[in-house]
Amino acid sequence: MTTRTTDAPAGTELAIGGMTCASCAARVEKKLNRMDGVTATVNYATEKAWISHPGDVSVPDLIATVEATGYTAREPEPVRTGPADDTARDTAHPDELRPLRQRLVTATLLATPVVLMAMVPALQFTHWQWLSLTLAAPVVTYAAWPFHKAAYTNARHGAATMDTLVSLGTSAAFLWSLWALFFGTAGMPGMTHPFDLTIARGDGSGNIYLEAAAGITAFVLAGRYIEARSKRTAGAALKALMELGARDVTLLLPDGERRTVPTADLAPGDRFLVRPGEKIATDGTVVEGASAVDVSMLTGESVPVEVGVGDSVTGATLNAGGRLVVEATRVGADTQLARMAKLVEDAQNGKAAAQRLADRVSGVFVPAVIVLSLATLGYWLVTGAGVAAAFTAAVAVLIIACPCALGLATPTALMAGTGRGAQLGILIKGPEVLESTRRADTVVLDKTGTVTTGRMTLLAVHTADGVAEDEVLRLAGALEHSSEHPIARAVADRALEKLGELPAPADFANVPGLGVRGVVDGHTVLVGRERLLSAQTADGRDGGIVLPAELGRALAGAEEAGRTAIAVAWDGAARAVLEVADAVKDGSAEAIARLRALGLTPILLTGDNRAVADAVAREVGIDAGHVIAEVLPEEKVDVVRRLQGEGRSVAMVGDGVNDAAALAQADLGLAMGTGTDAAMEAGDLTLVRGDLRAVPDAIRLARRTLGIIRSNLFWAFAYNVAALPLAAAGLLNPMIAGAAMAFSSVFVVANSLRLRTFRPAG
C-alpha cells in the first residue's frame, strides 16, 4: 500500500468483503468515487479495490465509506515469494466455500422431497403438507439466509438485485403457506393440490407454495456455489506466480562459510551459490562461473542464455549448466518476478467486471414486481373483492415472479458446457468468461510452448560428401549426451531415438559459450558453434578447421531461417551442420485456419528474435504484418493494451509465466494446460491438451454455452412476465402456476443438455 502526506494522489489497495454479485462491486465503486478527489476501481472477481486518492483522504476514511455502503474493507495481506507452506496456508485461509456448500447440501436434501410431494399427486398422503412445512422451514431460513441478508443490505441502499428477487419470492411463498396452513384450509387432513388447469379466482386459503420457496432456494444456491468456486481462483494467479521463486538459497559468507537461508532473508550485495539444476534465488550479477540459463519461463526465449562473469541473471530462472556465484542486486518486491506479479494484479484489477445479465434485469424487474403487487392489492381492496382475495392476488404476484427457471438458467447451462468441455480437455472458469468469447475479434498467440513445442528439437542434418548421417549422430550424440545444455539434449535425444545406444566419450570438456569437445571411439570430436572449429585447443594449438562450401551454405541458410546451427567436426575436418530449433506443433497451422474461420485475426507475439518469429509465422500461415517479436514480458501487456486501445476485443493464448499478465489483461485469456500454473490461473479458459486446435474448439463451445444461457434467461423471464397478468387478475390457479413453473424448469434443463452433443471440429 502507498500513502502520501502531500496533496498528490496516493494509491491504496483494499480487500472488499460481503459482495455477492457484480452489482455489489459497482455500488462500492460508485460510493467511493463520490468522495472528493477519489478514483476507484472495484473488481468483484478478485474482491479488491484500487483507489487513487488525495493525501487529505485517509485509508480509514476509505474503509469507513465502504462499511457505510454495507460491506467490509481491509488492507490485503502482503504477498511473499517462494513456495508456500501448506500447513500455514491452510491455517490462515480456511475453506471459504464451506458455509455455502453446507447450505447447498441442506437445501438440496430437504427441498427434493418437498418438490416431489407438491408436483406428484400420488405422493400427497394425509398430512403431507405438514411434512413439507417441516422440511421447507430450514431451507427458507438457514439455507436462504445469504439471500435475505443481501436483500436487506440492498434495500438499505435503495438497490435491487437477484438476491432481492429470491428473498422476496421465497419469503412471500413461505409466509403465505404458513397463513394458509394455520389460518386457512390448507392444513386440513386430506388436503391435496388438485390437478385442475382451469383459471378461476379464489381466496388462496387452501393453497401452499412451499415447493416454490424450497426449490428456488436450492436452485439459486447451486448457481451461487458454481460462481463462487470459479471466482475463488481469480487470485490464484498471483499465488502461483509468487511461488515460482526458490524458497531457500545457499548464502556465501565473507569468511567462506556456506549457510542455507530463506530467500526472503537475502539483501542486496549478498553472494549466493547456484548449482546446476537449481533456480536462481533473486535478481543479480554473476561474479564467478559460466553457464546456460533457461529463461523461457520469464521471457519466452526458447534458446538458453549463456551467462558469465558480469552478466545479469533473473530470479526464478533455471541454471541449466555450470556452477554460478551470483551477487544479489534486487530482492523482494523489486525483483522482476515480483514486478510481473504486480502486472498480473494490475491487469486483473483493471479488467471491467462483467455484470451478470440476471442482476441487470433484476434491477428493473424487482421494483416493477413490487409496484405491481402493491397496485394489485390496492385495486382489489378498492373494488370490494375482500381482504383475503386482495392479499391472495398481491402475494401471487410476488410468488409467480420468483425465478425458479431463472435460478436454473445459468448453472445448468454452465454445468453442461463445462462438463462437455472437461471431456474435451477445455476448462471454463465461469459465466463471465463466456461473454468475452462472443466479442473476441483478435487472437494473440504466444510462440514458445503454444504455437511451438517449447523445447529444442533437431530438425535437419547436413553432411559433407561421403559422411553418413548415422555416423554424425553417433559421434555428435555421444558427446552431447554428456552435456546438460538444452541444445545438446536435442541432439542427444535424436541420436538415441534413431540409434538406440551411444558410445561413452572420453576427455569430455565444455568450452564456455562455444560447445563441447572430447574423444569418441578414438576420434577427436568437436560439436558447437562455427568458431569452436577454429578456436585454439587447451594446449595452445590453433584448430584451423574451416567449413567446406556446401556446409557453409547450409549453416547460413539455417541462421537465416532463425534456427540454431551447430557444426560437427572430427579428426581435423568439418563433417556436418545440424539445425536445431523450437519445432512448430502438429496442428498449429490448422488451428490458425480455424480461428480465421471464426472471425478472429491471429497475431504472433514472442520474445524470440525477428528471424525466428518470421520463420514460424510463415510455417503456420500468419501474415508477416501480424508478427510482433523481441518483446519483453512487461511489454506483452502493453501490446494487448494497445490492441484494445484500437477498439479490438483481444483473446490471448499463452503458456508461460511471461504470459500471465497478458492473459489477465486480455478480454479472454486461454492458457495451455501444458504450461505453468501461473499462466493457467491467469487465464479464463484452460486447455488441458497442448494442441493449439483446442483453442477454436474452446471458443466455439464457450459461444455455444453463452447462447444457451441467453435463451434460458429469455424463457425464464418470459414465463414470469406472461404469468404476472394472471396473478394480478386473481386468476392464478396453483396447479397452473406449478405446472408452468415445472415446464419452464424442464425446458431450461433440456435446453442446457443440448450442449452435451457439442463436437469438436474435424
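Conventions we followed
Residues numbered from 1 in each chain as written. Predicted model: local features only at pLDDT ≥ 70, side-chain atom pairs only at ≥ 80, totals over all residues. Heavy atoms only, no water. UniProt positions renumbered as here; feature names shortened; annotations may be inferred. Salt bridge = Lys/Arg side-chain N within 4 Å of Asp/Glu carboxyl O. Helix = DSSP H or I, 4+ residues; strand = E, 2+ residues; numbered from the N terminus. Buried < 20%, exposed > 50% of the residue type's maximum accessible area, 1.4 Å probe, protein only. Core = buried A, V, L, I, M, F, W, Y, C linked by side-chain atoms within 4.5 Å. Contact = heavy atoms within 4.5 Å. Pairing = 2+ DSSP bridges. Expected span 1.5 Å × (residues − 1). Patch = residues over 30% accessible without salt bridge, like charges linked within 9 Å, V, L, I, M, F, W, Y side chains within 5 Å. Areas by Shrake-Rupley, 256 points an atom, 1.4 Å probe, with all protein chains shown as cover. Polar contact = N/O pair within 3.5 Å; in protein donor to acceptor, adjacent residues only side chain to side chain.

In the nomenclature of an unreviewed UniProt entry, the protein chain is known as Cation-transporting P-type ATPase B of Streptomyces tagetis. The protein chain has a UniProt comment under Subcellular location (unreviewed entry) that states "Cell membrane". The UniProt entry for the protein chain carries this comment under Catalytic activity (unreviewed entry): "ATP + H2O = ADP + phosphate + H(+)".

Enquirer: I'm lost on the pattern of salt bridges in this one. Help?
Expert: A side chain with one charge can pair with a side chain of the opposite charge if their charged atoms come near. A full pass over the atoms with the stated rule returns 23 salt bridges. Linking Asp446 and Lys636 is a salt bridge whose minimum nitrogen-to-oxygen distance equals 2.9 Å. Residue Asp446 is located in strand β15 (residues 442–446), and its partner Lys636 is located in helix α23 (residues 633–645); the two are separated by 190 residues in the primary sequence. Considered together, Asp446 and Lys636 belong to a single accessibility category, that of buried residues. In this structure, Arg474 and Glu471 form a salt bridge, with 3.2 Å as the shortest nitrogen-oxygen distance. Of the two residues, Arg474 and Glu471 both sit in helix α17 (residues 469–480), three residues apart, roughly one turn of that helix.

Enquirer: Help me understand the nonpolar core, please; the structure alone is not making it clear to me.
Expert: Note on soluble globular proteins: their nonpolar side chains tend to be buried together. Judged by nonpolar contacts, the single largest core of 53 residues is most densely connected at Ile208, Leu210, Leu221, Phe365, Val369 and Leu724. Counting residues per element, the ones that place at least two in this core are α4 (98–119), α5 (128–143), α7 (162–182), α8 (210–232), α12 (357–382), α13 (387–401) and α26 (694–728). It is α8 that contributes the most residues to this core, nine residues altogether. What Leu210 contacts, discounting residues up to four positions off in sequence, is Val114, Gln129, Ser132, Leu133, Ala136, Phe174, Ser177 and Leu181. Counting residues in hydrophobic clusters, the runner-up holds 46 residues, among them Ile426, Leu604, Val653 and Leu668.

Enquirer: I tried to follow unusual backbone geometry on my own but got confused; where do I start?
Expert: Both trends apply: most residues other than glycine have a negative phi, and most peptide bonds are in trans. Of note in the backbone geometry, His127 takes a positive phi value of approximately 70° without being a glycine. Structurally, His127 can be placed in the loop between α4 and α5.

Enquirer: Looking at this model, I keep getting lost on the sheet that holds strand β26 (residues 685–687). Mind explaining?
Expert: In space, the seven strands of this open sheet follow the order β14-β26-β25-β24-β15-β22-β23, with mixed pairing throughout. Looking along the sheet, the strands with just one partner apiece sit at the ends: β14 (426–428) and β23 (627–628). One ladder, built from three bridges, connects β14 with β26; its direction is antiparallel. Each bridged residue has a counterpart across the sheet, and for Ile426 the counterpart in β26 is Leu687.

Enquirer: So what exactly am I meant to see when it comes to the sheet that holds strand β13 (residues 324–330) here?
Expert: Within a sheet, adjacent strands bond to each other through the backbone by hydrogen bonds, running parallel or antiparallel. Read from one edge of the open sheet, six strands run β6-β5-β7-β13-β8-β11, paired in antiparallel fashion. Taken across any chain shown, the strands that pair with only one partner, and hence form the sheet edges, are β6 (258–262) and β11 (312–313). Note: strand β8 (residues 283–288) against β11, two bridges, orientation antiparallel. Paired with Thr285 across the bridge in β11 is Ser312.

Enquirer: What is the right way to look at helix α18 (residues 486–499) in this model?
Expert: Residues three or four positions apart in an α-helix share a direction because the helix packs 3.6 residues into each turn. In a regular helix each residue adds 1.5 Å, so 14 residues correspond to 20 Å; α18 covers 20 Å between its end C-alpha atoms and thus fits that length. Those residues of α18 not exposed but buried are Ile487, Ala488, Ala490, Val491, Ala492 and Ala495. Phi turns positive, to about 85°, at Gly500, one or two residues after α18.

Enquirer: What should I look at first to understand the environment of Ile628 in this one?
Expert: Relative to the assigned elements, Ile628 resides in strand β23. In this structure the C-alpha to C-alpha distance between Ile628 and Val639, which are 11 residues apart in sequence, comes to 8.7 Å. Setting aside residues up to four positions removed in sequence, Ile628 forms contacts with Ile603, Leu604, Leu605, Thr606, Val639 and Arg642.

Enquirer: It is not clear to me how a nonpolar patch on the surface should be interpreted in this structure. Could you clarify?
Expert: Side chains of Leu116, Val120 and Leu123 sit close together on the surface and give an oily, nonpolar patch of about 220 Å² of accessible area. If you trace the backbone, Val120 turns up in the loop between α4 and α5.

Enquirer: Would you mind showing me how to read the side chain of Thr250 here?
Expert: Residue position: Thr250 is located in strand β5 (residues 248–252). A polar atom in the side chain of Thr250 sits 3.3 Å from the side chain of Arg275. What Thr250 contacts, discounting residues up to four positions off in sequence, is Arg258, Arg259, Thr260, Arg271, Phe272, Leu273 and Arg275.

Enquirer: Could you clarify how one ought to interpret the UniProt feature "transmembrane region" (unreviewed entry) in the protein chain in this entry?
Expert: The sites that carry the UniProt feature "transmembrane region" (unreviewed entry) are, in the present numbering, residues 104–122, 128–145, 165–188, 208–226, 361–382, 388–410, 713–729 and 735–753. Annotation note: span residues 128–145, helix share 94%, strand share 0%, distance between end C-alpha atoms 25 Å. Along residues 713–729 one finds 94% helix and 0% strand; the C-alpha atoms at either end are 25 Å apart.

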